[in-house]
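Single-letter residue listing:
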Amino acid sequence: STAVLAGGMGAIFWMWVAAFVGMATKYGEIILGMLYREKNEEGNYVGGPMYYIKKGLHIPWLATLCAFFMVTQIIGGNFIQSNTISGVMKENFGVPYMTTGIVLVLLIFVITLGGLKRLAHVAQTLVPSMALIYVAGGLIIILANITKVPGVFADIFAGAFGLRAMAGGAMGSMLIAMQKGVARGLYSNEAGIGSAPNASASANVSHPVKQGLVQMLSVFIDTLLLCTATAMMCMSSGIDPAKELQGAPWVQASLQESLGSFGPIFITVAMVFFAFTTLLGNCFYCDNLLIYIHKKQPGKAFMKGFRLVSALAIFLGAGMEMSLLWDLSDV
């Protein structure tokens, strides 16, 4: 929804393009992550772009710099996920932003204290079922508005090449649609930004290609299924995108138009699950990156300090202004 509101309906086309190219880049980075991974002191596999930059390109300082910037990028991403959850909770249930931020911090602490196994168990329980329910809900809404779908596709392709005005009345160019579509598409599927190999390197598979194919499929599901479902739900609902509806509110308004009072509840549950499990995954990424930067498992005092900083980011993100968060993320 932020892609459309910032770059017009044509941004969806460039999200699709980014996903197709991203399937290749993600496959490549996953294979490299598997080939250059190492075993840590506990006998578990660890890996990521810093390992294949160091061992494949033989540039250790660049590998460390990469790890550092990935930590900052992940903390910035946590701002957005936290803000997404607090926004829908405030909009639909009147929960204050500060209350949501505090609850999120406490939940993250409890789950991450249990380590990777507890984190993985929570994610693998929540994400697949919620994704299936979300796609099913999207299909119901699209079928209910099926007569509007051809016009939606016409708007997407016309907007992608600068043939129509952008949302809000401003004349949009192909470059703006492209930039916003690619940026939001890559944000959704993480293709080529180096975070996914951190998790995939720990996978127990008989051949690296198997993990590469799994991650290619994840790009397809993330962007070509889930993001497209959101786009079609919004654009076929009859609710026009507007600046005051930036982010989740446009999705909520669209679902309320199609599903009545159940719509906001449905999108709230979906967004909380998706954003919360992303926060959990980011915690695992950061632990892996910090271990690399330190060349060993960081001390307990350091990790407590870092987790406090991460918790502060989650708490602050819950009450920040949405456009500022996206500007930070783009940087």
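Attention in this report is confined to the structure presented alongside it. Given the structure is predicted, the values throughout are model-derived calculations rather than measurements.

The subject of this paragraph is the overall build of the protein chain. Along its length, the protein chain carries 14 helices and 2 strands. Over its C-alpha trace the protein chain gives a radius of gyration of 20 Å, about what one expects of a compact globule, namely 20 Å for 331 residues. The principal-axis extent of the C-alpha atoms belonging to the protein chain is close to 60 × 40 × 35 Å. Expressed as a percentage of its 331 residues, the buried residues of the protein chain come to 46%. Across the protein chain, the fraction of contacts at a sequence separation of at least 24, relative to all contacts at a separation of at least 6, is 74%. Here the protein chain has roughly 15800 Å² of accessible surface; of this, 69% comes from carbon and sulfur atoms.

Glancing now at unusual backbone geometry. We note that His 58 has phi near 60°; this positive angle belongs to a residue other than glycine. Along the chain, the position of His 58 falls in the loop between α3 (49-57) and α4 (60-93). By relative accessible area, His 58 is classed as exposed at 61%. Positive phi is not limited to glycine here, since Glu 190 has a value of about 60°. In this structure, Glu 190 sits in the loop between α8 (174-189) and α9 (196-200).

The next point concerns α3. Listed in full, the buried residues belonging to α3 are Pro 49, Met 50, Tyr 51, Tyr 52 and Ile 53. Check the buried side of α3 and you find it contacts α2 (11-35), β1 (38-39), β2 (45-46), α4, α9 and α12 (262-294).

Between α4 and helix α13 (residues 300-317), the least distance of the axes is 7 Å, while the angle of their chain directions is 40°. Relative to α13, the crossing made by α4 is right-handed. Residue-level inspection shows Val 71, Ile 75, Asn 78, Phe 79, Ser 82 and Asn 83 of α4 in contact with α13, the latter providing Phe 306, Ala 313, Ile 314, Leu 316 and Gly 317.

The biggest cluster of nonpolar side chains holds 39 residues, and the ones touching the most others in it are Ile 12, Tyr 134, Ile 156, Met 235 and Leu 255. Mapped by element, the contributors of at least two residues to this core are α1 (2-7), α2, α6 (115-144), α7 (149-160), α10 (208-235), α11 (248-259) and α12. Beyond its immediate chain neighbours, meaning those up to four positions away, Met 235 contacts Met 9, Ile 12, Val 152, Ile 156 and Trp 250. Among the nonpolar cores identified, the runner-up in size contains 25 residues, and Val 46, Ile 74, Leu 290 and Tyr 292 belong to it.

This part covers the pattern of salt bridges. Enumeration over the complete set of coordinates arrives at 2 salt bridges. Across the pair Glu 38 and Lys 54 runs a salt bridge, and its minimum N-O distance is 3.7 Å. Within this pair, whereas Glu 38 is found in strand β1, its partner Lys 54 is found in helix α3, the two being separated by 16 residues in sequence. For Lys 54, a relative accessible area of 26% corresponds to the partly exposed category. Measuring nitrogen to oxygen at the nearest pair gives 3.6 Å for the salt bridge that ties Lys 55 to Glu 38.

Attention now moves to the packing of aromatic side chains. Per the counting criterion, the structure on display carries 12 aromatic pairs. A centroid spacing of 5.0 Å and a plane angle of 70° characterise the contact between Tyr 187 and Trp 326, whose relative ring orientation is edge-to-face. One end of the pair, Tyr 187, is in helix α8; the other, Trp 326, is in helix α14 (residues 322-330), and 139 residues separate them in sequence. Judged by its relative accessible area of 9%, Trp 326 is buried. Through a chain of ring-to-ring contacts, the aromatic side chains of Phe 13, Trp 14, Trp 16, Phe 153, Phe 157 and Phe 161 assemble into a single cluster. Stacked on the ring of Tyr 45, the Lys or Arg Arg 37 has its end atom at 3.6 Å from the ring centre.

Here we take up the packing of α2 against α10. Where α2 meets α10, the axes come as close as 8 Å, and the angle between the chain directions of the two elements is 160°. Relative to α10, the element α2 is oriented roughly antiparallel. Where α2 crosses over α10, the handedness of that crossing is right-handed. Tallied by class, the residues present in the contact of α2 with α10 amount to 21 nonpolar, 7 polar and 1 charged.

Procedures and definitions
Residues numbered from 1 in each chain as written. Predicted model: local features only at pLDDT ≥ 70, side-chain atom pairs only at ≥ 80, totals over all residues. Heavy atoms only, no water. Helix = DSSP H or I, 4+ residues; strand = E, 2+ residues; numbered from the N terminus. Rg over C-alpha atoms; globule rule 2.2 N^0.38 Å. Buried < 20%, exposed > 50% of the residue type's maximum accessible area, 1.4 Å probe, protein only. Contact = heavy atoms within 4.5 Å. Areas by Shrake-Rupley, 256 points an atom, 1.4 Å probe, with all protein chains shown as cover. Axes fitted to C-alpha atoms, helices over the stretch in contact; angles between N-to-C directions. Left-handed = near helix turned anticlockwise from the far one by under 90°. Core = buried A, V, L, I, M, F, W, Y, C linked by side-chain atoms within 4.5 Å. Salt bridge = Lys/Arg side-chain N within 4 Å of Asp/Glu carboxyl O. Phe/Tyr/Trp six-rings, centres within 6.5 Å; stacked < 30°, edge-to-face > 60°. Lys NZ or Arg CZ within 6 Å of the ring centre and 35° of its normal. Parallel < 35°, antiparallel > 145°, perpendicular 65-115°, else oblique. Nonpolar A, V, L, I, M, F, W, Y, C, P; charged D, E, K, R; others polar.

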